[in-house]
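What follows is each chain in one-letter form.
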Amino acid sequence: MPTEEIRRQVVIIGSGPAGLTAAIYSARANLRPLLIDAPADTEKQTTPGGQLMITTEVENYPGFAEGIQGPDLMVQFRKQAERFGTEFLEEWITKVDLSERPFKLYGDNKVVIAETLIIASGASAKWLGIPGEAKTPEGFGGNGVSACATCDGPLPAFRNKRLVVVGGGDTAMEEATFLTRYAGRVFVAHRRDKLRASKIMQDKAFLNEKIEFLWDTALEEILGTQEQGVTGVRLRDVKTNETRNLDCEGVFIAIGHKPNTELFKGQIEMDEVGYIKTSHRSTATNIPGVFACGDVQDSVYRQAITAAGTGCMAAIDAERYLDHLPIAMPSGDEITIEGEQLPADHSVIIMPSGEVVSNEPPSPTLDDC
């Protein structure tokens, strides 16, 4: 059982761009945030610093005209958070209790008590688990293998090259179409004889002359050398089981992402995939005092810059909440730390006791005239 108890006003789970930005903002507000991150674990796909730690050149983050290596960027994020007093804790959180404030987070030998909680645990790309797919040096991850065309597609290593995209859904069609801006040829390998993508995404891909579809085809292995990176792939026809090699210089796995929200299931509202639902006006979840930012609640953009932006929002939301100011909830209502509830029209205040109080300004009297 946990033996040490830690109490903080703001606790952040996750150390990617969202979590570290939330730490920077809440630390500058003198809230002494505690940032908790899971130890590095290849099998569980946990990497302190998030997905940018397995990215090479980052050219689309503002402020770095010549680009910057993903790990170097995250080092800068962390140093900035440390500079303002963020405390870091590397710990596996195995259980959370969000049923009441303060919230309780249980580790192997610690229990963390949080007045507010910012969830920035991110999302993990789904992988095939085939030879050559792992991060270098075990495979070619970061050396020709990627799960983000927007992040890596414009890099010189992929320009005018033959690239393979794996998948048949909207993500795969979007990635393949995007890559045609830079690649010489894009091959889409799909295990079936028809796509799962929406019609509009299919039509766009079918009309693109740079895209070639490899139907009933499974990716068996990614080939290459550590010096050259990816040089080809081994493909298998799922109907005949025949295999063949295809020369290429890059592989993009586009079979979706899985938000890292298993820890919170049954306690917080999520969509059918597992992304945490937040208010359209804030980062608030359905639990007052719990906020979510970054890829854990963003299934659309999934960029470092958007994650950092919502990290900033979450810190400001947590600060406002601790200052007893109302925060917009996913329901459309607003709620304060004391439990006072304001409907969307702000006409009344519903007190924690259930009493309804008018929120309208008093009518002017003759004495006011």
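The model shown is predicted, which means the values in this text are computed figures rather than measured ones.

A.B. asks: So what about the packing of helix H1 (residues 17–28) against helix H2 (residues 70–83)? Which residues, and what values?
C.D. replies: The N-to-C vectors of H1 and H2 enclose an angle of 25 degrees; their axes lie 8 Å apart at closest approach. In terms of orientation, H1 lies roughly parallel with respect to H2. Note on packing geometry: the crossing formed by H1 with H2 is left-handed. Seen from H1, the contacting residues are Pro17, Leu20, Thr21, Ala23 and Ile24; seen from H2, they are Met74, Phe77, Arg78, Gln80 and Ala81. Taken together, the residues of the contact of H1 with H2 break down into seven nonpolar, two polar and one charged.

A.B. asks: Run through the pattern of salt bridges, naming residues and quoting values.
C.D. replies: All chains considered together, the criterion is met by 12 salt bridges. Linking Glu4 and Lys110 is a salt bridge whose minimum nitrogen-to-oxygen distance equals 3.8 Å. Taken as a pair, Glu4 in strand E1 (residues 4–13) and Lys110 in strand E8 (residues 110–119) lie far apart in primary sequence, 106 residues in all. Since its relative accessible area comes to 17%, Lys110 is described here as buried. Here Glu220 makes a salt bridge to Arg236, at a shortest N to O gap of 3.2 Å. Remark: Arg236 occurs in strand E15 (residues 229–237) and Glu220 occurs in strand E14 (residues 217–225); sequence separation between them is 16 residues. Judged by relative accessible area, Arg236 falls into the buried class, the value being 18%.

A.B. asks: Tell me about the state of the cysteines, residues and numbers included.
C.D. replies: Covalent bonding between the sulfur atoms of two cysteines is what defines a disulfide. A complete count under the given rule lists one disulfide for this structure. What pairs with Cys148 in a disulfide is Cys151, and their sulfur atoms sit 2.2 Å apart. Here the S-S torsion is close to 70 degrees, and the disulfide linking Cys148 with Cys151 is therefore right-handed. Assessed through its relative accessible area of 17%, Cys148 is described here as buried. This cysteine, Cys248, is not joined by any disulfide, and Cys148 carries the nearest cysteine sulfur, 18 Å off. Taking relative accessible area as the criterion, Cys248 reaches 0% and is therefore assigned buried. In this structure Cys293 is not part of a disulfide, and its nearest cysteine sulfur, from Cys312, lies 10 Å away.

Parameters at a glance
Residues numbered from 1 in each chain as written. Predicted model: local features only at pLDDT ≥ 70, side-chain atom pairs only at ≥ 80, totals over all residues. Heavy atoms only, no water. Axes fitted to C-alpha atoms, helices over the stretch in contact; angles between N-to-C directions. Helix = DSSP H or I, 4+ residues; strand = E, 2+ residues; numbered from the N terminus. Parallel < 35°, antiparallel > 145°, perpendicular 65-115°, else oblique. Left-handed = near helix turned anticlockwise from the far one by under 90°. Contact = heavy atoms within 4.5 Å. Nonpolar A, V, L, I, M, F, W, Y, C, P; charged D, E, K, R; others polar. Salt bridge = Lys/Arg side-chain N within 4 Å of Asp/Glu carboxyl O. Buried < 20%, exposed > 50% of the residue type's maximum accessible area, 1.4 Å probe, protein only. Disulfide = S-S within 2.5 Å.

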